[in-house]
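Descriptive analysis of the structure
Given next are the chains, with one letter for each unit.
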Amino acid sequence: CYDEGKRCAETLFFDYKRQHNLNIRIARIFNTYGPRMHANDGRVVSNFIVQALQGDPITIYGDGTQTRSFCYVDDLINGIIDLMDAADEITGPINLGNPDEFTVLQLAELIIELTQSKSSIINKPLPGDDPKRRQPDITLAKKKLSWSPSVSLNVGLTKTIQYFKDTLEYS
Ligand code: UDP
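Quantities reported herein were computed from a predicted structural model and do not represent experimental measurements. (Residues numbered from 1 in each chain as written. Predicted model: local features only at pLDDT ≥ 70, side-chain atom pairs only at ≥ 80, totals over all residues. Heavy atoms only, no water.)

Considerations on the packing of helix α2 (residues 44–54) against helix α4 (residues 104–115)
Where α2 contacts α4, the two axes come as close as 10 Å, and the packing angle between them is 40 degrees. The angle between α2 and α4 places the two elements in the oblique class. The way α2 lies across α4 gives a crossing that is right-handed. On α4, the residues that touch Val44, Val45, Phe48, Ile49, Ala52 and Leu53 of α2 are Val104, Leu107, Ala108, Ile111 and Thr115. (Axes fitted to C-alpha atoms, helices over the stretch in contact; angles between N-to-C directions. Helix = DSSP H or I, 4+ residues; strand = E, 2+ residues; numbered from the N terminus. Parallel < 35°, antiparallel > 145°, perpendicular 65-115°, else oblique. Left-handed = near helix turned anticlockwise from the far one by under 90°. Contact = heavy atoms within 4.5 Å.)

A closer look at α2
For α2, the buried fraction is high: eight of the eleven residues fall into the buried class. Gly55 sits one or two positions beyond α2 and adopts a positive phi of about 75 degrees. (Buried < 20%, exposed > 50% of the residue type's maximum accessible area, 1.4 Å probe, protein only.)

Overview of the environment of Ile58
Mapped onto the fold, Ile58 is located in strand β3 (residues 58–61). With relative accessibility at 0%, the residue Ile58 sits in the buried group. Beyond its immediate chain neighbours, meaning those up to four positions away, Ile58 contacts Phe48, Gln51, Ala52, Ala108, Ile112, Ser119, Ser120, Ile121 and Ile122.

Looking at the site of the ligand
Every one of the 14 residues lining the ligand counts as a neighbour, but Thr59, Tyr61, Arg68, Asp130 and Arg134 are closest to it. Here an oxygen atom of the ligand sits 2.6 Å away from a polar atom, N or O, in the side chain of Asp130. At a separation of 2.5 Å, an oxygen atom of the ligand approaches a polar side-chain atom of Arg134. In the complex, the protein chains occlude 88% of the 520 Å² of accessible area that the ligand would expose alone. When each cavity is represented as a set of grid points, the ligand is found to reside in the largest pocket. Elements with a contribution of two residues or more to the shell around the ligand: α2 and β3. Class assignment of the residues belonging to the shell around the ligand gives a composition of five nonpolar, five polar and four charged. (Near = heavy atom within 4 Å. Polar contact = N/O pair within 3.5 Å; in protein donor to acceptor, adjacent residues only side chain to side chain. Areas by Shrake-Rupley, 256 points an atom, 1.4 Å probe, with all protein chains shown as cover. 1 Å grid on protein atoms, 1.4 Å probe; cavity = no way out; pocket = protein on both sides within 12 Å on 5 of 7 lines; lining within 4 Å. Sits in = over half its atoms within 2 Å of the grid points. Nonpolar A, V, L, I, M, F, W, Y, C, P; charged D, E, K, R; others polar.)

Here's the deal with a nonpolar patch on the surface
On the surface, Leu12, Tyr16 and Leu22 cluster together to form a nonpolar patch covering roughly 290 Å² of accessible area. Within the secondary structure layout, Leu22 lies in the loop between α1 (2–20) and β1 (27–29). Residue classification places Leu22 among the partly exposed positions, given a relative accessible area of 40%. (Patch = residues over 30% accessible without salt bridge, like charges linked within 9 Å, V, L, I, M, F, W, Y side chains within 5 Å. Salt bridge = Lys/Arg side-chain N within 4 Å of Asp/Glu carboxyl O.)

Section: helix α3 (residues 73–85)
If you check α3, its first and last C-alpha atoms are 18 Å apart, about what 13 residues at 1.5 Å a residue would give, namely 18 Å. Those residues of α3 lying buried are Asp75, Leu76, Gly79 and Leu83. Seen end-on, α3 carries its buried residues on one side only, within an arc spanning 100 degrees. Its buried side turned inward, α3 meets β1, β2 (32–33), β5 (71–72), β6 (94–96) and α5 (139–145). (Expected span 1.5 Å × (residues − 1). Arc of directions from axis to C-beta.)

Some remarks on the layout of surface pockets
Volume-wise, the largest pocket comes out at about 1300 Å³. As for the largest pocket, its lining consists of 34 residues, and the residues nearest its centre are Tyr2, Lys6, Asn31, Arg43 and Arg134. When residues of the lining of the largest pocket are traced back to their parent elements, those giving at least two are α1, β1, β2, α2 and β3. In terms of residue count, the dominant contributor to the lining of the largest pocket is α1 (seven residues). (Points joined across faces, edges and corners; volume = space filled by probe spheres on them.)

Purely geometric stuff here, so don't read any function into it on its own.
Next comes the structure, spelled out in structure tokens:
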């Protein structure tokens, strides 16, 4: 229902464009992270950072070989602004995300390194519908919007870790 809900929303947008000549844009947003994520959001980046900072075990679901491509929030917002500012015929759908692909295990190891944490890594059952691989093809965004992300995972995680350090201290 999650996937279908998104697909249905896109269809409704195109119906409104066709029937009412509404000016629309459709962005397909891939995994995004950064400061101001909620510590209990349950997403992999926030979970791993909070676990690493608190010295708790890092919970990898499955064997950690599944991949994700993580986009820093500022890059994503710039992409959305570029799409909104683009010519009206550029409706999308257009993929916005960072194509640099990492395994969940690589992410865990990088976060342990950047936080200098002593956390261990443990494995938990993989949710049934967990995609094995996810990497956006951003060819269209590059061509039509001249947009591509510029913040590396290393730099983005460092800023996000600092945010969680500051907020966890006050919680
Ligand atoms: N994941 C994990 N440990 C966690 C949270 C998530 O190993 O504590 C995995 C999850 O199974 C998935 C990946 O990390 O393979 C990304 O999960 P998230 O919920 O952040 O995003 P999505 O599944 O929507 O891509």
